[in-house]
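An overview of the molecular structure
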Amino acid sequence: GVVRRFSQTKVIWHLQDFFPHILFVDLFLKFFARQPDLVIANSKSVLDDFHKHSPRGWNPASQVIHNSVNPIEFLPSEKLFQKPIIVSLVAMLTPWKGQDIFIEAMSIVRSKLSAEEIQGWIVGEEVYKTAGEHGFGEQLRALINKKNLSDTVIMKGLIADVQAVYNSSDIVVHCSVKPEPFGRVIVEAMSCERAVIASRAGGVLEIIESEKDGLLVEPGNPDELAKAILRLVSDARLRERLGHEARKTVIRKFNSTQFAKSILSEIQALQ
C-alpha cells in the first residue's frame, strides 16, 4: 500500500478468507481498502463479505476465481478393501470444523450398522493453540468414548498423503458449522471421485450441486448428516454416480490449469 502511493505499481489483493468482524480489521480496511487496483476472491461468498467491510461508495474492480486442485495429482483409485465402508473427515481440529457433529452423526449411524460395516476416520491435528481451540482433540476423544464409538470412529492424526485417505474412503464428509470461504478438501475428494457430503453454507454452495455431484446438509445438524451417510452407505450406485460427476465438475470448474490462466489474464489486464 505504501509503495502504491509513490509509484505506478499495481496492487492486487487475493482474498482467501472472510474478514474477522473486529475493530482492528475495520480500521485497516477504512484506511487501506482503496489501495488495490483489483480484488480477487476465492469465492463469491468471500467477495460479498469483503464488500460489506469496505468503505461506502467504494467499488473496486473485483473478480471471483475459485481455488483449484490438479486433477492429475488427485486421481481416482479403486479402494483396496470392500469392508467396512469408510467415512472420512479431513480438517484441522477446531470446533468450527464440526468434528463433534461428525461423531454425533456416526453415533446415529452406528445404531443402525455394526463396526464391521462402517468406520469413521477423523484426519487432522490441532493447529491453533488459542482459547477454545487448544485441547479440542482431547474433547473429541472424550466424546468418542462417551458415545462408545472407540471401535468405529478413529482419530487418525495428521496424514501427509491425503490422497491416500480419499482413495481409502467411500464417503468424504465436510461438516463445518460456520461458512467456509471455499472448501479445498471438498474439491480434492471430488477429484478422487469420492461421494462428498458437505455443509450447505459459504463457498461450498459454489462447488457442489446437491444430488448431482454431491450431497448438501444443514450445518450443525447431526441427524441430517447421519441420514445422508446412511443413504450413501446403502446405495453404492449413488456413491459411484456422485463421485463420477464430482470429478467431471472439478475438471470443468476447479482445475489448476484453468486457475492459473484466469489469474494471469487478470494480471495482464492491469498492464
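Higher on the page you've got the structure.
A short tour of the structure in this document, coming up. (Residues numbered from 1 in each chain as written. Predicted model: local features only at pLDDT ≥ 70, side-chain atom pairs only at ≥ 80, totals over all residues. Heavy atoms only, no water.)

Between its terminal C-alpha atoms helix 4 (residues 99-110) stretches 16 Å, which fits the 16 Å expected from twelve residues at 1.5 Å a residue. Gln99, Ile101, Phe102, Ile103, Ala105, Met106 and Val109 are the residues of helix 4 that are buried. Where helix 4 is buried, its residues meet strand 4 (85-90), strand 5 (118-123), helix 5 (136-146), strand 6 (153-157), strand 7 (171-173) and helix 8 (222-234). (Helix = DSSP H or I, 4+ residues; strand = E, 2+ residues; numbered from the N terminus. Expected span 1.5 Å × (residues − 1). Buried < 20%, exposed > 50% of the residue type's maximum accessible area, 1.4 Å probe, protein only. Contact = heavy atoms within 4.5 Å.)

Turning next to the side chain of Ser169. Positionally, Ser169 belongs in the loop between helix 6 (162-168) and strand 7. Here Ser88 takes part through its side chain, which lies 2.9 Å from a polar atom of the side chain of Ser169. Discounting chain neighbours no more than four positions away, the residues touching Ser169 are Ile86, Ser88 and Arg194. (Polar contact = N/O pair within 3.5 Å; in protein donor to acceptor, adjacent residues only side chain to side chain.)

This part is about the nonpolar core. Ranked by internal contacts, the top residues of the largest apolar core, which has 34 residues, are Val173, Ile197, Leu225 and Ile229. Setting aside residues no more than four positions away along its own chain, Leu225 makes contact with Ile101, Phe102, Ala105, Val173, Cys175, Ile197 and Val217. Core analysis: the next-biggest nonpolar cluster, separate from the first, contains 25 residues, Phe74, Ile86, Val90 and Ile186 among them. (Core = buried A, V, L, I, M, F, W, Y, C linked by side-chain atoms within 4.5 Å.)

Let us now look at the sheet that holds strand 6. Taken in spatial order, the six strands line up as 6-5-4-7-8-9 in an open sheet, and their pairing is parallel. Only two strands of the sheet have a single neighbouring strand rather than two, namely strand 6 and strand 9 (215-217). Between one strand axis and the next, the sheet turns by 25° as a mean value, whatever way the strands run. Relative to strand 5, strand 4 runs parallel, the two sharing six bridges. Residue pairing across strands places Ile86 opposite Gln119, the latter belonging to strand 5. Along the sheet, helix 7 (residues 184-191) makes contact with strand 4, strand 7 and strand 8 (195-199), crossing strand 8 at roughly 165°. (Pairing = 2+ DSSP bridges. Axes fitted to C-alpha atoms, helices over the stretch in contact; angles between N-to-C directions.)

Quick look at a nonpolar patch on the surface now. A surface patch of nonpolar side chains, amounting to about 730 Å² of accessible area, comprises Ile22, Leu23, Phe24, Leu27, Phe28, Phe31 and Phe32. Looking at where Leu27 falls in the secondary structure, it is placed in helix 2 (residues 23-32). On the basis of relative accessible area, Leu27 is assigned to the partly exposed category, the value being 41%. (Patch = residues over 30% accessible without salt bridge, like charges linked within 9 Å, V, L, I, M, F, W, Y side chains within 5 Å. Areas by Shrake-Rupley, 256 points an atom, 1.4 Å probe, with all protein chains shown as cover. Salt bridge = Lys/Arg side-chain N within 4 Å of Asp/Glu carboxyl O.)

Now for the pairing of strand 2 (residues 38-41). Neither face of strand 2 is left uncovered, since the one carrying Leu38 and Ile40 and the one carrying Val39 and Ala41 both have all their residues buried. As paired elements, strand 1 (residues 12-15) and strand 2 share four bridges and run parallel to each other. The partner of Ile12 across the bridge, within strand 2, is Leu38. The pairing of strand 2 with strand 3 (residues 62-64) spans three bridges and is parallel. Across the sheet, Ile40 pairs through a bridge with Gln63, a residue of strand 3.

A few words now on the pattern of salt bridges. Counted according to the given criterion, the structure contains eleven salt bridges. Residues Glu218 and Arg200 are paired through a salt bridge, measuring 3.1 Å at the closest nitrogen-oxygen approach. Separated by 18 residues along the polypeptide, Glu218 in the loop between strand 9 and helix 8 and Arg200 in the loop between strand 8 and strand 9 bring together distant segments of the chain. We classify Glu218 as partly exposed; its relative accessible area is 40%. Note that Glu211 and Arg231 form a salt bridge whose closest N and O atoms lie 2.9 Å from each other. Taken together, the residues Glu211 in the loop between strand 8 and strand 9 and Arg231 in helix 8 connect sequence positions 20 residues apart. Taken together, the shared-partner salt bridges connect Arg200, Glu218 and Glu224 into one network.

With that settled, consider the environment of Met190. By the secondary structure assignment, Met190 is in helix 7. Each C-alpha atom of the pair Met190 and Val39 lies 28 Å from the other, and the pair is 151 residues apart in sequence. Apart from the residues within four sequence positions on either side, Met190 is in contact with Val196, Ile207, Ile208, Asp213, Gly243, Ala246, Arg247, Thr249 and Val250.

The analysis is restricted to geometry; functional conclusions fall outside its scope.
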